[in-house]
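Now for the letters of each chain:
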Amino acid sequence: MNQLITKLKSLLATHPQLAEIFRFAFTGGVCFVVEFLCLTLLVELLHVPVLLATAIAFLISVAVNYVLCVKWVFTGAKDGGAGVKATFLLTSGMGFVLNEVFMWLMNIVLGIHYMIAKVISTLLVMIWNYFTKRMVLKRG
């Protein structure tokens, strides 16, 4: 196990973009857990409709994601510039729209259980998030 960890550290040290993708994926995992728990609590305990609960959970997750992306994922990213924050919010807004559309389509139209739909939606929106947030935070 120690050998594997050593090899992984070496690989990440010599390939900065791979390290960035690893940090992004880990951060995404943390944010997914936050979002999924919020969604489940809102739907199951508070009986909030799925699409409204999806929106609330997504917004909470975006706040956590912003802090982690600026502080840890995209090292050297600018924190504090109004343009960077506005663009980050714009790309997150597009992710929000994609998330709602995917959830509506899968859960409401196709009848897929909201938990399964959320997993699929998250994977699709994750692709959008990586490329847009990398571009915004690295450029800013």
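Residues numbered from 1 in each chain as written. Predicted model: local features only at pLDDT ≥ 70, side-chain atom pairs only at ≥ 80, totals over all residues. Heavy atoms only, no water.

### Quick notes on the nonpolar core
Counting residues in each nonpolar core, the largest one holds twelve residues, listed as Cys-38, Leu-39, Leu-42, Val-43, Val-48, Val-50, Ala-53, Ala-57, Met-103, Met-106, Tyr-114 and Ala-117. Elements that contribute at least two residues to this core include exactly helix 2 (16–45), helix 3 (50–73), helix 4 (82–109) and helix 5 (114–139). Of the residues forming this core, the biggest block, four residues, is contributed by helix 2. Residues in contact with Ala-117, not counting those within four places in the same chain, are Met-103, Met-106, Asn-107 and Ile-112. If you look at the next biggest cluster of nonpolar residues, it comprises six residues, including Val-62, Tyr-66, Phe-88 and Val-125. (Core = buried A, V, L, I, M, F, W, Y, C linked by side-chain atoms within 4.5 Å. Buried < 20%, exposed > 50% of the residue type's maximum accessible area, 1.4 Å probe, protein only. Helix = DSSP H or I, 4+ residues; strand = E, 2+ residues; numbered from the N terminus. Contact = heavy atoms within 4.5 Å.)

### Re the pattern of salt bridges
Applying the stated criterion across every chain yields a total of one salt bridge. Residue Glu-35 is joined to Lys-118 by a salt bridge in which the shortest nitrogen-to-oxygen separation is 2.6 Å. One end of the pair, Glu-35, is in helix 2; the other, Lys-118, is in helix 5, and 83 residues separate them in sequence. Just as Glu-35 is buried, Lys-118 falls in that class too. (Salt bridge = Lys/Arg side-chain N within 4 Å of Asp/Glu carboxyl O.)

### Notes on the layout of surface pockets
Here the largest pocket is characterised by a volume of approximately 280 Å³. Lining the largest pocket are 18 residues, with Cys-31, Glu-35, Ser-61, Thr-122 and Asn-129 positioned closest to its centre. At the level of secondary structure, the elements contributing two or more residues to the lining of the largest pocket comprise helix 2, helix 3, helix 4 and helix 5. Considered class by class, the residues forming the lining of the largest pocket number seven nonpolar, eight polar and three charged. (1 Å grid on protein atoms, 1.4 Å probe; cavity = no way out; pocket = protein on both sides within 12 Å on 5 of 7 lines; lining within 4 Å. Points joined across faces, edges and corners; volume = space filled by probe spheres on them. Nonpolar A, V, L, I, M, F, W, Y, C, P; charged D, E, K, R; others polar.)

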